[in-house]
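So you can see what is in the structure, the chains are spelled out below.
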Amino acid sequence: MSVFSAVDFSDHELVVFARDAETGLKAIIAVHSTVLGPAVGGCRMWKYGSDEEAARDALRLSKGMSHKNAMADLPLGGGKSVIMAPEGNFDRQALLQAFGRAIDSLGGRYITAEDVGTSVADMLTIRSVTPHVSGLSSDPTKGGDPSPYTALGVYHGIRASVRHKLGKASLEGVTVAVQGLGNVGRNLCGLLHRDGAKLIVTDISEDRVAAAVSAYGAKAASLEDILSVEADVLAPCALGAVLNAKTIPALNVPVVAGAANNQLATAQDGEHLRERGILYAPDYVINAGGIIAVSHEILNDFEQSRVIAKVEAIDDRLTQIFTEADRDGMATAAVADRLAEAKIAAGRKGKAAAVQAA
């Protein structure tokens with residue numbers, strides 16, 4: 001497989017394929033851009049169907065992180081790593097330490113964090129062999145698990161989306177279909193329930209669904225039906241590419257606003273949503289709460305009130321995107337890309353000017 005000719009290769013600065021035969025490690029570290037700062041993005045562990053599928057995920061996710069960090073005005077670039085989970089039993093600690101050594105070899109060009117399939121405990125294991133890890137503190141006032149901040153940002157993004165599309169200033173009585181009840185999805189349900197939203201939920205774990213039904217009076221839906229249920233908002237909070245040529249025609253909502261990364265299977269799917277009159281909150285804008293928290297931990301200036309204020313500003317950022325999309329007759333995803341790429345280009349220009357001045 002040629003990475004350079006891959007559809008999702010987008011002038012990435014660095015793509016590393018890490019292998020450790022003793023532990024069974026097969027991992028890909030993709031650094032999309034370090035123009036604005038060191039590349040930061042989580043480590044995903046997943047049972048991929050092929051090497052190509054894993055590489056595609058790493059490439060798409062790392063570019064998304066560049067855009068996410070730029071749109072959040074963070075001094076960070078974009079990167080992502082994926083570990084192909086070995087079959088059968090394996091020594092998880094040894095495998096993660098081998099992965100940590102691969103990260104360490106990059107000398108701080110990439111900083112990892114928790115993502116789908118990994119935990120804060122896993123990050124502590126990686127930290128035993130490299131300092132280039134974030135999201136570790138057990139004290140929420142100093143950082144730690146970023147998922148509550150991601151959920152908080154998505155909550156404010158849903159409020160902005162509902163206000164713009166439905167003209168409602170409150171979530172009271174608004175029906176939200178939440179796909180995925182992991183750390184972010186569960187926290188999001190709590191925030192939505194607090195505001196009086198009605199919930200429809202699904203997850204691969206029946207226990208998680210049962211817990212949401214019990215705690216929030218949610219209605220359970222099957223994994224297959226969640227994308228076609230009638231609701232005000234669909235909140236994808238699981239894996240990506242959920243919005244595609246097959247699912248978009250079946251959507252029965254006026255708003256899509258959720259935490260999952262890379263929700264659009266292709267760039268054209270953003271336009272398909274616009275054509276259907278569905279307002280889409282670009283994923284890397286609405287789900288930036290976690291990386292905002294992580295950035296302050298990396299910079300050693302974590303102050304919870306300041307972090308929360310920046311996360312709440314996701315509302316304003318989305319409102320700007322929605323307004324420009326309406327004005328220019330563009331898909332919201334395209335507007336977000338335009339704004340993010342302009343910020344990265346400005347950073348590149350600034351770097352070049354500084355080099356010339358030196």
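Residues numbered from 1 in each chain as written. Predicted model: local features only at pLDDT ≥ 70, side-chain atom pairs only at ≥ 80, totals over all residues. Heavy atoms only, no water.

Novice: Quick question: what am I supposed to make of the overall build of the chain here?
Specialist: Tallying secondary structure elements over the chain gives 12 helices and 12 strands in all. Relative to a compact globule of 358 residues, whose C-alpha radius of gyration would be 21 Å, the chain shows 20 Å and is just as compact. Over its C-alpha atoms, taken along the principal directions, the chain stretches across nearly 55 × 50 × 45 Å. With the model as given, the accessible surface of the chain reaches about 15200 Å², and the carbon-plus-sulfur share is 51%. If the 35 positive side-chain charges of the chain are averaged to one point and the 42 negative ones to another, these points end up 3 Å apart. (Helix = DSSP H or I, 4+ residues; strand = E, 2+ residues; numbered from the N terminus. Rg over C-alpha atoms; globule rule 2.2 N^0.38 Å. Areas by Shrake-Rupley, 256 points an atom, 1.4 Å probe, with all protein chains shown as cover. Lys, Arg positive; Asp, Glu negative; His and termini not counted. Charge placed at Lys NZ, Arg CZ, Asp CG, Glu CD.)

Novice: How do you make sense of the side chain of Ser 33 when you look at a structure like this?
Specialist: Mapped onto the elements, Ser 33 comes out in strand 2 (residues 25–33). A polar contact is formed between the side chain of Ser 33 and the backbone nitrogen of Val 35, at a distance of 3.2 Å. Look past the residues within four positions of Ser 33 in its chain and what remains in contact with it is Glu 13, Ala 39, Ser 66, Gly 77, Gly 78 and Ile 344. (Polar contact = N/O pair within 3.5 Å; in protein donor to acceptor, adjacent residues only side chain to side chain. Contact = heavy atoms within 4.5 Å.)

Novice: Just checking my understanding: could you explain the packing of helix 9 (residues 289–298) against helix 10 (residues 304–312) for this structure?
Specialist: Two numbers describe how helix 9 lies on helix 10: the axes approach to 9 Å, and their chain directions differ by 150°. Taken as axis vectors, helix 9 and helix 10 run roughly antiparallel relative to one another. Here the hand of the crossing between helix 9 and helix 10 comes out right-handed. For the pair formed by helix 9 and helix 10, the contact residues are Gly 289, Ile 292, Ala 293 and His 296 on the first element and Arg 306, Val 307, Lys 310 and Val 311 on the second. When its residues are assigned to classes, the contact of helix 9 with helix 10 shows 4 nonpolar, 2 polar and 2 charged. (Axes fitted to C-alpha atoms, helices over the stretch in contact; angles between N-to-C directions. Parallel < 35°, antiparallel > 145°, perpendicular 65-115°, else oblique. Left-handed = near helix turned anticlockwise from the far one by under 90°. Nonpolar A, V, L, I, M, F, W, Y, C, P; charged D, E, K, R; others polar.)

Novice: Quick question: what am I supposed to make of the layout of surface pockets here?
Specialist: The method is simple in principle: a probe with the dimensions of a water molecule rolls over the atoms, and the space it marks as empty is what remains. Considered as a void within the structure, the largest pocket measures approximately 1000 Å³ in volume. Together, 41 residues line the largest pocket, and Asp 115, Val 116, Val 184, Cys 237 and Ala 238 are the ones closest to its centre. Secondary structure elements with two or more residues in the lining of the largest pocket: strand 4 (43–46), helix 1 (51–71), helix 4 (147–166), helix 5 (183–194) and helix 9. Element by element, the count of residues in the lining of the largest pocket is highest for helix 5, at 4 residues. Taken together, the residues that form the lining of the largest pocket break down as 16 nonpolar, 15 polar and 10 charged. A volume near 550 Å³ is recorded for the second largest pocket. As for the second largest pocket, its lining consists of 26 residues, and the residues nearest its centre are Arg 60, Lys 63, Thr 266, Ala 267 and Asp 337. Examining the composition of the lining of the second largest pocket, we find that 6 residues originate from one element, helix 1, more than from any other. Taken together, the residues that form the lining of the second largest pocket break down as 12 nonpolar, 7 polar and 7 charged. (1 Å grid on protein atoms, 1.4 Å probe; cavity = no way out; pocket = protein on both sides within 12 Å on 5 of 7 lines; lining within 4 Å. Points joined across faces, edges and corners; volume = space filled by probe spheres on them.)

Novice: What exactly am I supposed to notice about the sheet that holds strand 9 (residues 219–220) here?
Specialist: Working definition: the strands of a sheet are paired by backbone hydrogen bonds and lie parallel or antiparallel to each other. Strand order in the open sheet made by the 6 strands is 9-8-7-10-11-12, with parallel pairing throughout. Edge positions in the sheet fall to strand 9 and strand 12 (279–280), since each has one partner strand and no second. Where strand 7 (residues 175–179) meets strand 10 (residues 233–236), 4 bridges bridge the pair, whose relative direction is parallel. Within strand 10, the position partnered with Gln 179 by the bridge is Pro 236. (Pairing = 2+ DSSP bridges.)

Novice: Sorry if this is basic, but what is going on with the nonpolar core here?
Specialist: Soluble, globular proteins show a tendency: their nonpolar side chains are buried together. Among the nonpolar cores identified, the biggest contains 59 residues, and Ile 158, Val 176, Val 178, Leu 188, Leu 192 and Val 201 are the most heavily contacted of them. If we ignore the near neighbours within four places in the chain, the residues touching Ile 158 are Leu 171, Val 176, Leu 188, Leu 192, Val 233, Ala 235, Ala 257 and Ile 286. The next biggest cluster of nonpolar side chains, apart from the first, holds 23 residues, and it includes Ala 18, Ala 27, Ile 29 and Ala 102. (Core = buried A, V, L, I, M, F, W, Y, C linked by side-chain atoms within 4.5 Å. Buried < 20%, exposed > 50% of the residue type's maximum accessible area, 1.4 Å probe, protein only.)

Novice: Where do I start with the pattern of salt bridges in this structure?
Specialist: Should their charged atoms come close, side chains of opposite charge can pair. By the definition in use, this model includes 19 salt bridges. A salt bridge links Arg 44 to Asp 57, with the nearest nitrogen and oxygen atoms 3.3 Å apart. With a gap of 13 residues between them, Arg 44 in strand 4 and Asp 57 in helix 1 connect regions that are remote in the sequence. A single burial state applies to Arg 44 and to Asp 57, both of which are buried. Of the charged contacts, one joins Arg 92 and Asp 122 as a salt bridge, the two residues approaching to 2.8 Å between their closest N and O atoms. A residue pair is termed long-range when its members are at least 10 positions apart, and Arg 92 in helix 2 (residues 92–104) and Asp 122 in helix 3 (residues 120–127) qualify at 30 residues. (Salt bridge = Lys/Arg side-chain N within 4 Å of Asp/Glu carboxyl O.)

So, to be careful, I would describe these as geometric facts and stop short of saying anything about function.
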